[in-house]
Amino acid sequence: MEKVKYELSEFKAAWQAKCPRCRIGHVYQGPAYGLKVQKMNSHCEYCGLRYEREPGYFYGAMYVTYAFAIAEMVTACMATYILTGNDSSFILYATVAIMSVVLMSPFNYRYSRIILMYWLTPGLRYDPNVKKKEVDVKASA
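Computed from a predicted model, the values in this text were never measured in an experiment. (Residues numbered from 1 in each chain as written. Predicted model: local features only at pLDDT ≥ 70, side-chain atom pairs only at ≥ 80, totals over all residues. Heavy atoms only, no water.)

### Quick notes on the UniProt feature "transmembrane region" (unreviewed entry) in the protein chain
Applicable threshold: UniProt positions are given in the numbering used here, feature names are shortened, and annotations may be inferred rather than shown by experiment. Secondary structure counts use DSSP, requiring at least four H or I residues in a row for a helix and at least two E residues in a row for a strand, with both numbered from the N terminus.
UniProt records the feature "transmembrane region" (unreviewed entry) at residues 63-84 and 90-109, using the numbering of this structure. A distance of 31 Å separates the end C-alpha atoms of residues 63-84, which is 100% helix and 0% strand. A helix fraction of 100% and a strand fraction of 0% characterise residues 90-109, whose end C-alpha atoms lie 28 Å from each other.

What follows is the structure in structure tokens.
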């Protein structure tokens, strides 16, 4: 009896922070929100893909983080206006905007890099035929 291999969809693999090439290995160690600081793996433990393709590769993720932060601030301030009806308190809106960005920063950090790898990097695509490779992180770093 053959073992049926279940393949994750692109969006589900991105949401679970899986490797963009094999969709099996983990990009991060641990959850986005927790008591420990998020740590990104340097390589995929399954296929050996090096996540940081070149020095400074993840600087492009700052643009995605900026878009996330703007959307979060606008949404939080609109929700504050709808809930309070107060449109004249600068301190209220500044506090809400800053707190929304601070509370969402682990999400922004994680998923801006995932979006960069999945959809904004040319040549980095899913390969269902990729085989498990032994990864020697010290030799390739």
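### As for unusual backbone geometry
Despite not being glycine, Ala-17 shows a phi value in the positive range, around 55°. Structurally, the position occupied by Ala-17 is in the loop between α1 (10-15) and β1 (28-29). With a phi angle near 60°, Arg-23 is a residue other than glycine that sits in the positive phi range. Assignment of secondary structure puts Arg-23 in the loop between α1 and β1.

### Concerning the side chain of Asn-41
Quick reminder of the rule: N or O atoms within 3.5 Å of each other form a polar contact, as long as, within protein, one can give a hydrogen and the other can take it, and as long as residues adjacent in sequence are counted only when both atoms are side-chain atoms. Any pair of residues with heavy atoms lying within 4.5 Å of one another is described as a contacting pair.
When you line up the elements, Asn-41 lands in the loop between β2 (39-40) and α2 (61-84). In this structure the side chain of Asn-41 is engaged in a polar contact, spanning 2.7 Å, whose partner is the side chain of Gln-29. Those residues in contact with Asn-41, other than ones at most four positions away along the chain, are His-26, Val-27, Tyr-28, Gln-29 and Tyr-51.

### Considering the nonpolar core
Grouped burial of nonpolar side chains is what soluble globular proteins tend to show. Heads up, the rule is: Working definition of a nonpolar core: buried Ala, Val, Leu, Ile, Met, Phe, Trp, Tyr and Cys residues. They are joined through side-chain atoms within 4.5 Å. Each residue gets one of three labels from its accessible area relative to the maximum for its type: buried under 20%, exposed over 50%, partly exposed in between, using a 1.4 Å probe on protein chains only.
If you look at the biggest cluster of nonpolar residues, it comprises 26 residues, and the most contacted ones within it are Cys-44, Cys-47, Tyr-51, Ile-114 and Met-117. Elements with a contribution of two residues or more to this core: α1, α2 and α3 (90-119). Here this core gets 5 residues from one element, more than from any other, and that element is α3. Every residue in contact with Met-117, bar those within four places of it in the chain, is listed here: Pro-20, Val-27, Met-40, Tyr-51, Tyr-57, Phe-58 and Leu-124.

### Remarks on the environment of Thr-75
By the secondary structure assignment, Thr-75 is in helix α2. The exposure class of Thr-75 is exposed, given its relative accessible area of 54%. Separated by 22 residues in sequence, Thr-75 and Ala-97 place their C-alpha atoms 9.0 Å apart.

### Section: α3
Put simply, the rule is: Multiplying 1.5 Å by the residue count of a helix minus one yields the expected span of that helix. Throughout, bend refers to the angle between the axes fitted to the seven residues that end at a position and the seven residues that start at it.
For α3, which comprises 30 residues, the first-to-last C-alpha distance of 37 Å sits more than 12% below the rise-based estimate of 44 Å (1.5 Å per residue). Where α3 bends most, at Met-104, the angle is about 55°, and the proline Pro-106 comes one to four residues later. Within α3 the residues assigned to the buried category are Tyr-93, Ala-97, Ser-100, Asn-108, Arg-110, Tyr-111, Ser-112, Arg-113, Ile-114, Leu-116, Met-117 and Tyr-118. Structurally, α3 contributes buried residues whose contacts are with α1, β1, β2 and α2.

### Observations regarding the side chain of Arg-113
This is how the line gets drawn: We count Lys and Arg on the positive side and Asp and Glu on the negative side, and we leave His and both chain ends out. Salt bridge, as used here, is a side-chain nitrogen of Lys or Arg placed within 4 Å of a carboxyl oxygen of Asp or Glu.
Mapped onto the elements of the fold, Arg-113 is located in helix α3. One buried charged residue, Arg-113, remains without a salt bridge, the closest side chain of opposite sign being Glu-52 at 6.5 Å. With near-sequence residues (within four places) excluded, Arg-113 lies in contact with Tyr-28, Met-40, Phe-58 and Ala-61.

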